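# Residue-level structural notes
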Amino acid sequence: MSEREDEEGVRDHEVREPDAQEHEVREADVRESDVQDHEVRDQLYEQLAAHEGRAAATEGRGKDPVNEPMIRHWCEAMGDTSAAYRGPDPVAPPTMLQAWTMGGLSGHTDGTGRSAAYDEMFALLDGGGYTSVVATDCEQEYLRPLRPGERITFDTVIESVSRRKTTKLGTGYFVTTRTDVRADGEPAGTHRFRILKYRPAQRRKPVGPALRPRPVINRDNAGFWAGVAEHRLLVQRCTDCATLRLPWLPGCNACGGAEWDTVEAGGEGTVFSHVVMHHPAFPAFGPTGEGGPYAVALIELAEGVRIVSNVIGVPYDKVRVGMPVHLDFLRTDPELELPVFRASEGG
């Protein structure tokens, strides 16, 4: 399913929090206090490592059996139109594996939630000052399809705890749990989930004007950004079934085809939905440099695909669903130009 990463490096196509990428601490940066701190952290690691192999959840039960409404909602949210997930004998999308085990906002109230060992481990981390958490990646293995009506049970184990690592976010420990999922008592799949529990790094105040985050450009989306550089908004088109897709993906989510070409979007669209960001303040996104509020919109293009972008040319509180917009390109600094959408006159 998803590509795996570990604490030592990152492979191609990984889904990971960009700021959690690790870096080595240079010897020149290590002070005497850091050495003392390292010794304390080694002692903490020994305590954490003692939890490896212990249960994080035992005899867990999914709140609902596998069911068609959840499958339908998932497919609509993901834009997955595969015939395998609908009709008289549907199966659940394999990537829903974790969804059937989740407790929702109220958690698992039947006594099958987190174990005492899991809470003890987190208490050690919190007590050591590692109070922040970020999910870094997951890995799933599928053993058989899940069908509506099947009851989900699961067990979760603390599989591993890394030694202390320094990341751009801060210093902390990677914790990996493994959940073995069963459907009507039969093994159905495995879900590994890795988080970083960390102590936030001290941030230096930036010198100069605030810059927007840089887009992550890789071999799957490089063509999109090459088009932006030429003031063209390129949409992928599957050469097998002609389905358009945006954002760019390595394969067609309609037929699974791997071959594609591109079409240039005409640039006309409407606001499909939007939110107004008030906090945290991010000066690079505010038109006055004060950090907001600013509008983030999901734009539905005339071609039928959608793209997340900013709406310009109108105050943030005047953006509305259905507003006509047209493509523009905004240079936010000398090294970054982004596709945005300007409110059309009379919109």
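Our structure's up above, just so we're on the same page.
So, a few notes on the structure that sits alongside this text. (Residues numbered from 1 in each chain as written. Predicted model: local features only at pLDDT ≥ 70, side-chain atom pairs only at ≥ 80, totals over all residues. Heavy atoms only, no water.)

### Examining the overall build of the protein
- Within the protein one finds four helices and 14 strands.
- Expressed as a percentage of the 347 residues in the protein, the buried residues total 36%.
- Expressed as a percentage of contacts within the protein between residues at least 6 apart in sequence, the contacts between residues at least 24 apart total 66%.
- Summing over all exposed atoms, the protein offers an accessible surface of approximately 19800 Å²; the carbon and sulfur share of this is 52%. (Helix = DSSP H or I, 4+ residues; strand = E, 2+ residues; numbered from the N terminus. Buried < 20%, exposed > 50% of the residue type's maximum accessible area, 1.4 Å probe, protein only. Contact = heavy atoms within 4.5 Å. Areas by Shrake-Rupley, 256 points an atom, 1.4 Å probe, with all protein chains shown as cover.)

### Examining the pattern of salt bridges
- Applying the stated criterion across every chain, the model contains 18 salt bridges.
- When the shortest N-O distance is used, the salt bridge between aspartate 119 and arginine 114 registers 3.0 Å.
- Residue class for aspartate 119 comes out partly exposed when judged on its relative accessible area of 34%.
- Overall, the relative accessible area of 54% leaves arginine 114 in the exposed class.
- The salt bridge involving arginine 194 is made with aspartate 137; its shortest N-O contact spans 3.0 Å. Residue arginine 194 is located in strand S6 (residues 186–200), and its partner aspartate 137 is located in strand S2 (residues 132–142); the two are separated by 57 residues in the primary sequence. Across the pair, aspartate 137 and arginine 194 agree in class, each one buried. (Salt bridge = Lys/Arg side-chain N within 4 Å of Asp/Glu carboxyl O.)

### Let's talk about helix H2 (residues 68–78)
- The N-capping residue of H2, defined by a side-chain oxygen 2.9 Å from the backbone nitrogen of methionine 70, is asparagine 67.
- Glycine 79 lies just past H2 and shows a positive phi near 70°. (Polar contact = N/O pair within 3.5 Å; in protein donor to acceptor, adjacent residues only side chain to side chain.)

### Some points on the pairing of strand S10 (residues 268–277)
- Relative to strand S13 (residues 324–333), S10 is paired through three bridges, and the arrangement is antiparallel. Each bridged residue has a counterpart across the sheet, and for glutamate 268 the counterpart in S13 is histidine 326. (Pairing = 2+ DSSP bridges.)

### With respect to helix H3 (residues 116–127)
- Here H3 contains 12 residues, and its C-alpha end-to-end distance of 16 Å stays within 8% of the 16 Å for a straight helix at 1.5 Å per residue.
- Along H3, the positions that sit buried rather than exposed are Ala117, Tyr118, Met121, Phe122 and Leu125. For H3, the angular spread of the buried residues around the axis is 135°, confining them to a single face. In H3, the exposed positions angled more than 90 degrees off the buried face are occupied by Ala116 and Gly127.
- Backbone geometry just after H3 places glycine 129 at a positive phi near 95°. (Expected span 1.5 Å × (residues − 1). Arc of directions from axis to C-beta.)

### Thoughts on the packing of aromatic side chains
- Evaluation of the coordinates by the stated rule reveals five aromatic pairs.
- Ring geometry for phenylalanine 224 and tryptophan 225: centres 5.1 Å apart, planes at 90°, overall edge-to-face. The same class applies to phenylalanine 224 as to tryptophan 225, namely buried.
- Pairing phenylalanine 224 with tryptophan 248 gives two aromatic rings, centres 6.4 Å apart and planes at 70°, and the pair type is edge-to-face. Taken as a pair, phenylalanine 224 in helix H4 (residues 222–229) and tryptophan 248 in the loop between strand S8 (244–245) and strand S9 (260–264) lie far apart in primary sequence, 24 residues in all. Residue phenylalanine 224 shares its accessibility class with tryptophan 248, and that shared class is buried. (Phe/Tyr/Trp six-rings, centres within 6.5 Å; stacked < 30°, edge-to-face > 60°.)

### Re the sheet that holds strand S14 (residues 336–343)
- An order of S10-S11-S12-S14-S13 is seen for the five strands of this closed barrel, with the pairing classed as mixed. Within this sheet the neighbouring strands show an average axis-to-axis angle of 50°, counted without direction.
- Here H4 sits on the sheet and contacts strand S12 (306–312), S13 and S14; the angle it forms with S14, its principal contact strand, is near 70°. (Axes fitted to C-alpha atoms, helices over the stretch in contact; angles between N-to-C directions.)

### Focus on the environment of cysteine 238
- The residue cysteine 238 is located in strand S7 (residues 234–238) in this model.
- In this structure cysteine 238 comes out as buried when scored by relative accessible area, which is 2%.
- Along the sequence, cysteine 238 and tryptophan 260 sit 22 residues apart, while their C-alpha atoms lie 4.4 Å from each other.
- Dropping the residues within four chain positions of it, cysteine 238 is found in contact with Thr243, Arg245, Cys252, Cys255, Glu259 and Trp260.

### A word on unusual backbone geometry
- In this chain, leucine 246 is followed by proline 247 through a cis amide linkage whose omega measures 5°.
- Positionally, proline 247 belongs in the loop between S8 and S9.
- With a phi angle near 55°, glutamate 59 is a residue other than glycine that sits in the positive phi range.
- Mapped onto the fold, glutamate 59 is located in strand S1 (residues 55–61).
- Notably, histidine 231 is not glycine yet its phi reads approximately 60°, a positive angle.
- Here histidine 231 shows up in the loop between H4 and S7.

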